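Coordinate inspection notes
Read off the chains here:
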Amino acid sequence: MDHPITLRPGGPHDVPGALAAWAAAIEGRSGQPVAPERRERTRAALGHPDGFLTVAVEPAGRIVGMALGTQALADDGAGPPVPGHCHVSAVFVRPEWWGRGLGGRLVDAVLAEALGRGYRTVQLWTQADNERALRLYASRGFVRSGRSQELDGELIVHLTADRIVPGRDPGSVAGTGPGVAGRAEG
């Protein structure tokens, strides 16, 4: 990496910077500005009291990446909490930091925090055509559950890991079933 990046727990004061990193990543991938309602939905998720935010910060203080974990809820977020099950609701890195391993560091950090909070299993949704993200999650043991849906005009797929396992990386996970092979340096 060109500059040392610090990963640390985020707080309410980090929401604007985390939101800016999220928007830069979305716009960099899609080439389109983020819709205001999508931005507000993400701002609300970042401020959720049950969430745990990890931010990646440049030496000058700018947030260049973020990951957010929360308590998983049944019925795609509409139902009661699923005991021991974490939902990774966001992992985003500014485009100028893509391909440098920062996404993997963020995933590992949020998974380590989930493990520390007592979660045993984990799930997430990601864009079906985001090969970099799919490789990253597969390298951490996530597998496709077979579920998909459309969100904000994109097809997203559901990934799960049947356990969070401390290993070489404190946030590595292991799953079962067929996954997407390879490793991403997101």
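See the structure shown above.
Let us look at the structure shown here.

Cut-offs used in this document
- Residues numbered from 1 in each chain as written.
- Predicted model: local features only at pLDDT ≥ 70, side-chain atom pairs only at ≥ 80, totals over all residues.
- Heavy atoms only, no water.
- Pairing = 2+ DSSP bridges.
- Helix = DSSP H or I, 4+ residues; strand = E, 2+ residues; numbered from the N terminus.
- Right-handed = clockwise from strand over helix to strand, strands pointing away.
- Core = buried A, V, L, I, M, F, W, Y, C linked by side-chain atoms within 4.5 Å.
- Buried < 20%, exposed > 50% of the residue type's maximum accessible area, 1.4 Å probe, protein only.
- Axes fitted to C-alpha atoms, helices over the stretch in contact; angles between N-to-C directions.
- Contact = heavy atoms within 4.5 Å.
- Polar contact = N/O pair within 3.5 Å; in protein donor to acceptor, adjacent residues only side chain to side chain.
- Salt bridge = Lys/Arg side-chain N within 4 Å of Asp/Glu carboxyl O.
- Parallel < 35°, antiparallel > 145°, perpendicular 65-115°, else oblique.
- Left-handed = near helix turned anticlockwise from the far one by under 90°.
- Nonpolar A, V, L, I, M, F, W, Y, C, P; charged D, E, K, R; others polar.

Let's shift gears to the pairing of strand 4 (residues 81–93). Bridge count between strand 3 (residues 63–73) and strand 4: eight bridges; the pairing is antiparallel. In the strand pairing of strand 4, Leu73 is matched with Pro81. Pairing of strand 4 with strand 5 (residues 121–127), which is carried by four bridges, proceeds in the parallel orientation. The residue bridging His85 from the neighbouring strand is Thr121, located in strand 5. Handedness of the crossover is the feature at issue here: the chain leaves strand 4, passes through helix 3 (residues 102–116), returns alongside strand 5, and the resulting connection is right-handed.

Turning next to the nonpolar core. Counting 28 residues, the largest nonpolar core has Leu102, Val122, Tyr137 and Phe142 as the members making the most contacts within it. Broken down by secondary-structure element, the contributors of at least two residues to this core are strand 2 (52–57), strand 3, strand 4, helix 3, strand 5, helix 4 (131–139) and strand 7 (154–161). Grouped together as the second largest cluster of nonpolar side chains are 18 residues, Trp22, Ala25, Leu46 and Leu68 included.

Spatial ordering of the open sheet is given by 1-2-3-4-5-7-6, a layout of seven strands whose pairing is mixed. Of all the strands in the sheet, just strand 1 (6–9) and strand 6 (143–151) have a single pairing partner and so form its edges. Shown here is a sheet whose adjacent strand axes are inclined to one another by a mean of 25°, direction ignored. Packing of helix 3 onto the sheet brings it into contact with strand 1, strand 2, strand 3, strand 4 and strand 5, and relative to strand 4 it is tilted by some 160°. Strands strand 4, strand 5, strand 6 and strand 7 of the sheet are contacted by helix 4, whose axis makes an angle of about 165° with strand 5.

This part covers the side chain of His158. Structurally, the position occupied by His158 is in strand 7. Here Gln123 takes part through its side chain, which lies 3.1 Å from a polar atom of the side chain of His158. Dropping the residues within four chain positions of it, His158 is found in contact with Gln123, Leu124, Trp125, Val143, Arg144, Ser145 and Arg147.

This next bit is on the environment of Pro4. Mapped onto the elements, Pro4 comes out in the segment before strand 1. The exposure class of Pro4 is exposed, given its relative accessible area of 61%. Taking the C-alpha atoms as reference points, Pro4 and Ala56, 52 residues apart in sequence, are found 10.0 Å from one another. Contacts of Pro4, omitting those with residues within four sequence positions, involve Val57, Glu58 and Pro59.

Note on placement: Val107 falls in helix 3. Residue Val107 is classed as buried on the basis of its relative accessible area of 2%. With residues up to four places along the chain from it excluded, the contact list for Val107 reads Val91, Leu136, Tyr137 and Arg140.

Quick look at the pattern of salt bridges now. Within the structure shown, the criterion is met by twelve salt bridges. Between Asp129 and Arg29 there is a salt bridge; the shortest N-O distance is 2.7 Å. Of the two residues, Asp129 sits in the loop between strand 5 and helix 4 while Arg29 sits in helix 1 (residues 15–30), which places them 100 residues apart along the sequence. Exposure remark for Asp129: the relative accessible area of 54% places this residue in the exposed category.

It is worth spelling out the packing of helix 1 against helix 2 (residues 36–46) at this point. Between helix 1 and helix 2, the shortest axis-to-axis distance is 10 Å and the interhelical angle comes to 135°. Comparing their axes, helix 2 and helix 1 come out oblique. You can see that helix 1 and helix 2 cross each other, and the crossing is right-handed. Touching Val15, Ala18, Leu19, Trp22, Ala23, Ile26 and Glu27 of helix 1 are Arg38, Arg39, Thr42, Arg43 and Leu46, all from helix 2. Tallied by class, residues from the contact of helix 1 with helix 2 come to seven nonpolar, one polar and four charged.

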